[in-house]
Amino acid sequence: MQRKIICAASIVALGTCFAYAQTKAIALRCGALFDGSGDTLRKNVVIVVEGDKIKALASSAPSGAETIDLSRETCLPGLIDTHTHVLLQGDITAADYDEQLLKQSPEYRTILATVNARRALEYGFTSIRDVETEGAGYADVDVKKAIDSGIIPGPRMQVATRALDVTGAYPLQGYAPDVIVPHGVQVVDGADNARQAVREQISHGADWIKVYSDRSYRVREDGVLDDIPTFTMDELRAIVDEAHRERHKVASHAMALNGVHNSVEAGVDSIEHGNYIAEQDLKTMAARGVYYVPTIFVGEYVAQGRAAEGAPVWVKMIQIHEDTFKRAMKAGVKIAFGTDAGGFDWKVNPAKEFSSMVKFGMTPAQAIRSASVTAAELLGMKDLLGTVEAGKLADIVAVPGDPLADVTLMEKVDFVMKGGVAQKTGKP
């Protein structure tokens with residue numbers, strides 16, 4: 001490919017270079033294309049890229065264009081993960097979480113986050129929504145800024161900074177009363193304090209406001225996943241009202257009955273996890289366009305470890321989650337792809353979520369659309385992302401085969417282009 005390679009000496013030593021696309025047209029010769037607008041593949045399509053955008057879809061490469069041969073690949077829109085934590089390295093148990101907050105400085109965690117961001121991009125995720133730093137302050141804003149400035153490779157990011165919860169509801173917990181420990185969230189109590197926290201976070205670069213709306217899960221005799229809600233309705237409504245007043249959206253960690261209901265009633269924009277959602281709340285979500293980000297794989301990943309630590313409810317939650325997912329599909333709720341990467345080790349490919357979604361009832365095409373067009377809508381970027389069509393950003397990935405026949409191929413992305421620049425051109 002015709003491109004200019006600029007490598008600082010120190011970066012060369014690490015084997016990393018940054019590629020800057022030239023204005024010369026690039027033609028991606030795709031054996032098949034899943035463009036995101038439908039549920040089928042188009043055969044033998046050439047994607048013509050100029051600058052950072054898609055210029056056209058054609059049957060042949062234009063004269064003078066630099067051609068990249070993907071004739072044995074299926075090309076797809078760049079993937080979007082709407083629930084990540086680049087500042088986390090996995091937290092199956094409380095000890096895993098506590099060690100990161102107590103023994104790792106925010107600076108060290110930010111260094112690790114830059115590695116995670118690069119991993120996300122190489123997995124094929126050209127955009128992510130990172131839903132809080134878990135005790136690392138506003139470090140996600142700096143990671144986003146470094147990516148946008150071309151200092152480090154990574155996906156384009158929307159960030160939620162510190163997240164909000166109430167006193168006594170979020171780790172670190174269980175230490176002696178006179179021992180001052182950090183918390184993974186910004187602790188707020190009362191509607192006025194909640195509004196102030198929203199203003200503070202937005203002023204420091206938050207794109208989204210994240211709230212933790214429930215805790216302490218248990219399965220009732222009737223099979224309903226119950227919980228203890230965190231915020232009062234006055235507090236939660238104040239958060240949503242303030243965020244929306246400032247034209248920002250709210251993502252709610254809500255896993256069970258009351259947390260989901262309160263969040264939906266307060267007017268949040270997305271429900272994160274949603275292991276159990278009551279039928280009436282599903283209807284309200286569908287009617288109001290509230291997105292559901294189910295993060296299935298992480299629940300399976302942490303269940304046995306947490307059960308061994310004395311919380312067997314996490315194993316029971318898997319089946320409850322599957323039932324909720326199927327009911328959400330039937331109710332017409334918009335389901336966006338999100339993995340909770342960081343809740344599991346970043347060395348594990350987050351694209352495993354595709355198989356989890358298919359196992360729970362989606363077709364491969366539906367699962368892929370959840371990570372492209374639907375996710376782009378959730379991020380408010382549907383005019384730029386989510387489908388492969390002229391005028392949109394040239395975010396394109398490719399896999400070796402037909403992912404509609406075998407969705408596990410989404411874990412084998414071997415070509416990644418972000419904004420017209422090829423970021424990965426080898427095998428996964």
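Up top is the structure.
Residues numbered from 1 in each chain as written. Predicted model: local features only at pLDDT ≥ 70, side-chain atom pairs only at ≥ 80, totals over all residues. Heavy atoms only, no water.

What follows covers the sheet that holds strand S5 (residues 53-58). Strand order in the open sheet formed by seven strands is S5-S4-S3-S6-S18-S19-S20, with mixed pairing between adjacent strands. One side of each edge strand has no neighbouring strand; the edge strands of this open sheet are S5 and strand S20 (421-424). Going across the sheet, the axis of each strand differs from the next one's by a mean of 35 degrees, ignoring polarity. Note: strand S3 (residues 26-33) against strand S6 (residues 66-77), seven bridges, orientation parallel. Of the residues in S6, the one forming a bridge with leucine 33 is cysteine 75. (Pairing = 2+ DSSP bridges. Helix = DSSP H or I, 4+ residues; strand = E, 2+ residues; numbered from the N terminus. Axes fitted to C-alpha atoms, helices over the stretch in contact; angles between N-to-C directions.)

With that out of the way, let us pick up the packing of aromatic side chains. For the structure shown, the criterion picks out nine aromatic pairs. Centroid distance phenylalanine 125 to phenylalanine 337: 5.8 Å. Interplanar angle 25 degrees. Geometry classified as stacked. Taken together, the residues phenylalanine 125 in strand S8 (residues 125-130) and phenylalanine 337 in the loop between helix H10 (313-331) and helix H11 (352-359) connect sequence positions 212 residues apart. Accessibility assignment for this pair places phenylalanine 125 and phenylalanine 337 in one class, buried. For the ring pair tyrosine 301 and phenylalanine 344, a centre distance of 5.7 Å and an interplane angle of 55 degrees mean the geometry is tilted. Residue tyrosine 301 is located in helix H9 (residues 296-308), and its partner phenylalanine 344 is located in the loop between H10 and H11; the two are separated by 43 residues in the primary sequence. Judged by relative accessible area, tyrosine 301 falls into the partly exposed class, the value being 30%. Put simply, the rings of Tyr97, Tyr170 and Tyr212 touch in pairs and so form one group of aromatic residues. (Phe/Tyr/Trp six-rings, centres within 6.5 Å; stacked < 30°, edge-to-face > 60°. Buried < 20%, exposed > 50% of the residue type's maximum accessible area, 1.4 Å probe, protein only.)

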